[in-house]
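# Structural description and commentary
For reference, the chains in residue letters:
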Amino acid sequence: MSKSAILRQKLSKQPLTRVIGAHNPLSARLAEEAGFDGIWASGFELSAAYAVPDASILSMTQHLDTTRAICAAVEIPVVADIDTGYGNAVNVIHAVTQYEAAGAAAVVIEDKKFPKDTSLLEGGRQELLRVEEFVGKIEAACDSRKSSDFLVIARTEALIAGEGQEEANRRATAYVSAGADAVLIHSKSKTPDQIVEFCRGWKLKAPVVIVPTAYPQLTESDIVALKKIKMVIYGNHGIRAAVTAMADVFARIRADGGIHNVDGDIVPVTRIFELQQVAQMKEKEKRYLK
Ligand code: SPV
Ligand code: MG
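Residues numbered from 1 in each chain as written. Chains lettered and ligands numbered in written order. Predicted model: local features only at pLDDT ≥ 70, side-chain atom pairs only at ≥ 80, totals over all residues. Heavy atoms only, no water.

## Looking at the nonpolar core
The following threshold applies: Note on terminology: a nonpolar core comprises buried Ala, Val, Leu, Ile, Met, Phe, Trp, Tyr and Cys residues joined through side-chain atoms within 4.5 Å. Partly exposed residues are those whose accessible area sits between 20% and 50% of the maximum for their type, while under 20% is buried and over 50% is exposed, using a 1.4 Å probe and protein chains only.
Core analysis: the biggest nonpolar cluster contains 34 residues, and Ile39, Ile185, Trp202, Ile210 and Ile229 have the highest contact counts within it. Counting 26 residues, the second largest nonpolar core, distinct from the first, contains Leu64, Ala104, Ala154 and Tyr175.

## Details of the environment of Ala28
We count it as follows: Strands here are runs of E lasting at least two residues and helices are runs of H or I lasting at least four, both read from the DSSP assignment and numbered beginning at the N terminus. Between two residues, a contact is recorded if the distance between any of their heavy atoms is within 4.5 Å.
Within the secondary structure, Ala28 is located in helix H2 (residues 25–34). A relative accessible area of 0% places Ala28 in the buried class. In the structure, Ala28 is positioned eleven residues away from Ile39 in sequence and 6.4 Å away in space, judged by C-alpha atoms. Once you skip the residues sitting within four places of it in the chain, Ala28 turns out to touch Ala22, Ile39, Ile70 and Val74.

## Considering the pattern of salt bridges
A side chain with one charge can pair with a side chain of the opposite charge if their charged atoms come near. Put simply, the rule reads: The term salt bridge refers to a pairing of a side-chain nitrogen on Lys or Arg with a carboxyl oxygen on Asp or Glu at a separation within 4 Å.
Per the stated rule, a full pass over the model turns up 24 salt bridges. In this structure, the salt-bridge partner of Glu157 is Arg155, at a minimum N-O distance of 2.7 Å. Arg155 matches Glu157 in its accessibility class, with the two residues each being buried. Between Glu285 and Lys282 there is a salt bridge, with the nearest N and O atoms lying 2.9 Å from each other. A residue pair is termed a helical-turn pair when its members lie 3 or 4 positions apart in one helix, as Glu285 and Lys282 do in helix H12 (residues 278–288) at three residues. Owing to a relative accessible area of 27%, Glu285 belongs among the partly exposed residues under this scheme. Bridged by salt links that share partners, the residues Asp54, Asp83, Glu110, Lys112, Lys116, Arg155 and Glu157 form one connected network.

## Topic: unusual backbone geometry
Of note, the amide linkage connecting Phe114 to Pro115 takes the cis form, showing an omega dihedral of 0 degrees. Inspection of the secondary structure assignment puts Pro115 in the loop between strand S4 (106–110) and helix H6 (131–144). Residue Ser56 is not a glycine yet carries a positive backbone phi of 55 degrees. Its location among the elements puts Ser56 in the loop between helix H3 (43–49) and helix H4 (60–73). Positioned with a positive phi, Tyr86 is a non-glycine residue whose angle comes to about 65 degrees.

Pasting the structure below:
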């Protein structure tokens, strides 16, 4: 079964599909080991890894190359965060073709204007596209996929832009009518109230996707109880964990005047060999080096 067929099946059969952000193949491999259903090839995480804002600064090629490398490193499906689709509907056609060929199982496209600003930023520049224009982009995405299993997820930023529930529902409904397989409703509210309200008003069959970074108190069992949400994306916990761990170890090495104290507290180099699949390479050497 293709990865997009696996993801499609998980979405329709599992109570909740759990996806986590990665910024490189190594973090994706750790997520796979931890038992996640899929990887979120996050624009925010990759931008952070390059130490630049998540504001359409990285090129499509930079994100695409990382997504391709992640797809090659894991067996589980990859959901590609393609921001606004890198331009208009014509750019979306190019992006969808490229991301599907790179091995992604799904794309998420958001209804903001290009260049976008990151969603969770206090006072961020959140400008929405006209609904008709975004409908055209969703239609273009659906029509340009090669496999009908490849998922097109429409993300509305209506709540992020302060447009309210009615507008969020109107947009999400229009995007599903345009062919979107699921709707991602994003919220930066510090409580899950906006998401709970959106779910109450959501009458269509298309599954809802959330990114609960701003309201971490919402557990997976709470999400399942809301009935409408079939996918949760943990957006940036990989990069935040990496920053926490690296800052701590780097500071300790400076304070201690050497690596003698931290050495026992971090994974041994052999663990990195394992993640690099060095043993598998050695098997190949045995077989093929003559
Ligand atoms: C990302 O991880 O890139 C996202 C989620 O799109 S958020 O950063 O919350 O917008
Ligand atoms: Mg993003």
